[in-house]
Amino acid sequence: AGKILIELKGKLADSGITSTAGDVDTIEALQSLGYSPAEIAKAIPKIPVDLTTTSERVTWVLRHLAN
């Protein structure tokens, strides 16, 4: 998980997006579900800001990755 967080932190920083504590939990949950760092890095910046809980954020990502 730590390696993925480091990789994603660089990708998010390059895109001008800052990560939050909610991102860390969301990233860990998505990783545990088998999503790749690339898939996660693309999804995290797109999560609506009004989704504040990890559960809401992961559910949103899962719905959008399924499309």
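Residues numbered from 1 in each chain as written. Predicted model: local features only at pLDDT ≥ 70, side-chain atom pairs only at ≥ 80, totals over all residues. Heavy atoms only, no water.

Participant: Is there a simple way to think about the overall build of the protein in this case?
Facilitator: Scanning the protein from terminus to terminus reveals four helices and zero strands. Across the protein, helices and strands are ordered from the amino to the carboxyl terminus as α-α-α-α. Of all 67 residues assigned to the protein, the portion counted as buried reaches 27%. For the protein, the exposed surface amounts to about 4200 Å²; the carbon and sulfur share of it is 56%. (Helix = DSSP H or I, 4+ residues; strand = E, 2+ residues; numbered from the N terminus. Buried < 20%, exposed > 50% of the residue type's maximum accessible area, 1.4 Å probe, protein only. Areas by Shrake-Rupley, 256 points an atom, 1.4 Å probe, with all protein chains shown as cover.)

Participant: Which parts of the structure should I look at to understand the side chain of Thr26?
Facilitator: Along the chain, Thr26 turns up in helix α2 (residues 21–32). Looking at Thr26, its side chain comes within polar contact range of the side chain of Arg57, at 3.2 Å. Not counting residues within four places of it along the chain, the set of residues in contact with Thr26 comprises Ile44, Ile47, Thr54, Arg57 and Val58. (Polar contact = N/O pair within 3.5 Å; in protein donor to acceptor, adjacent residues only side chain to side chain. Contact = heavy atoms within 4.5 Å.)

Participant: Would you explain the environment of Ala43 in this entry?
Facilitator: If you trace the backbone, Ala43 turns up in helix α3 (residues 37–43). Sequence spacing of Ala43 and His64 is 21 residues, and the spatial spacing of their C-alpha atoms is 8.2 Å. Ignoring any residue separated from it by four or fewer positions in sequence, one finds Ala43 in contact with Trp60 and Val61.

Participant: What is the right way to look at the environment of Arg57 in this model?
Facilitator: Considering the arrangement of structural elements, one finds Arg57 in helix α4 (residues 54–65). Separated by 28 residues in sequence, Arg57 and Ala29 place their C-alpha atoms 9.9 Å apart.

Participant: Looking at this structure, I do not really get the nonpolar core. What am I missing?
Facilitator: Most often, soluble globular proteins keep nonpolar side chains buried together rather than apart. Membership of the largest hydrophobic core is limited to 10 residues, which are Ile27, Leu30, Ile40, Ala43, Ile44, Ile47, Leu51, Val58, Trp60 and Val61. Within the residue set of this core, elements represented by two or more residues are α2, α3 and α4. A per-element tally of this core places α4 first, with three residues. (Core = buried A, V, L, I, M, F, W, Y, C linked by side-chain atoms within 4.5 Å.)

Participant: Hey, could you run me through the confidence of the model for the protein in this one?
Facilitator: Detailed reading of the predicted coordinates is not advisable wherever pLDDT falls low. For the protein, per-residue confidence averages 79 on the pLDDT scale, and 67% of positions sit at 70 or higher. Mean pLDDT across the elements of the protein ranges from a minimum in helix α1 (residues 2–14), with 61, to a maximum in α4, with 93. (pLDDT = per-residue confidence, 0-100.)

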